[in-house]
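# Fold and contact review
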Amino acid sequence: ENGLNYFIRQNKLPEERAFFYLIVNTGNEPLLNIQVTDDRGVIPLLVSGDDNNNNQLDSGETWRFEATGIAAAGDYANIGTATGADALGINVTD
């Protein structure tokens, strides 16, 4: 199971927030073409985790993506989604 953050926060005013997304490959095959999207339109970027710089999310590896955006006043929640493909080109999403 890949780990994605989900939270609800009470904001008094609209304010800039940093979001992070931890993507973990708990399977036994590397995953390719990893992309993370957020339902609030922010653009998560890979900042660390590809320890051997092979552009594959290897088994047991954790990649950290980060994004910033404006959180509206009141209750605020965002949901990140990770997608990738196995060696056969079959897409996986979490």
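Residues numbered from 1 in each chain as written. Predicted model: local features only at pLDDT ≥ 70, side-chain atom pairs only at ≥ 80, totals over all residues. Heavy atoms only, no water.

### Here we look at the nonpolar core
Defined as follows: We define a nonpolar core as any set of buried Ala, Val, Leu, Ile, Met, Phe, Trp, Tyr and Cys residues linked to one another through side-chain atoms lying within 4.5 Å. Only protein chains enter the accessibility calculation, which uses a 1.4 Å probe; a residue whose area is less than 20% of its type maximum is buried, one above 50% is exposed, and one in between is partly exposed. Counting from the N terminus, the helices are the DSSP runs of H or I reaching at least four residues and the strands are the DSSP runs of E reaching at least two.
Core analysis: the largest hydrophobic core is formed by 14 residues, its most contacted members being Y21, I23, I34, V36, L57 and F65. Going through the elements one at a time, β2 (15-24), β3 (31-38), β6 (62-71) and β7 (74-85) are the ones with two or more residues in this core. Looking at which element gives the most residues to this core, the answer is β6, with four residues.

### Considerations on the packing of aromatic side chains
Note the threshold: Classification of ring pairs uses Phe, Tyr and Trp, with its six-membered ring standing for Trp, and accepts pairs whose centres are within 6.5 Å; under 30 degrees between planes counts as stacked, over 60 as edge-to-face, and the remaining range as tilted.
Counted under the stated rule, the structure contains one aromatic pair. Consider the rings of W63 and F65, whose centres lie 6.5 Å apart with planes at 40°: the pair is tilted. By the burial criterion, W63 is buried, and F65 matches it.

### What to know about unusual backbone geometry
The phi angle at N33 is positive, at roughly 55°, despite the residue not being glycine. The class for N33 is exposed, based on a relative accessible area of 60%. The phi angle at N55 is positive, at roughly 60°, despite the residue not being glycine. Overall, N55 belongs to the exposed group, its relative accessible area being 60%.

### Remarks on the sheet that holds β2
We count it as follows: Here the rule is simple: two strands pair whenever DSSP picks up at least two bridges between them. Only the stretch in contact is used when a helix axis is fitted, and all axes are lines through C-alpha atoms; the angle between N-to-C directions ranges over 0 to 180 degrees.
Taken together, the three strands give an open sheet; going across it, the order is β2-β6-β4, and neighbouring strands pair in antiparallel fashion. Since the sheet does not close on itself, it has two edges, and those belong to β2 and β4 (45-48), each with one partner. The mean inter-strand angle of the sheet, taken between neighbouring strand axes irrespective of direction, is 35°. In the sheet, β2 pairs with β6 via ten bridges, with the strands oriented antiparallel. Within β6, the residue paired with F20 across the bridge is E66.

### Quick notes on the environment of A73
Tracing the sequence through the fold places A73 in the loop between β6 and β7. Take A73: its relative accessible area is 42%, and that puts it in the partly exposed class. For A73 and E15, which are 58 residues apart along the polypeptide, the C-alpha to C-alpha distance reads 7.7 Å.

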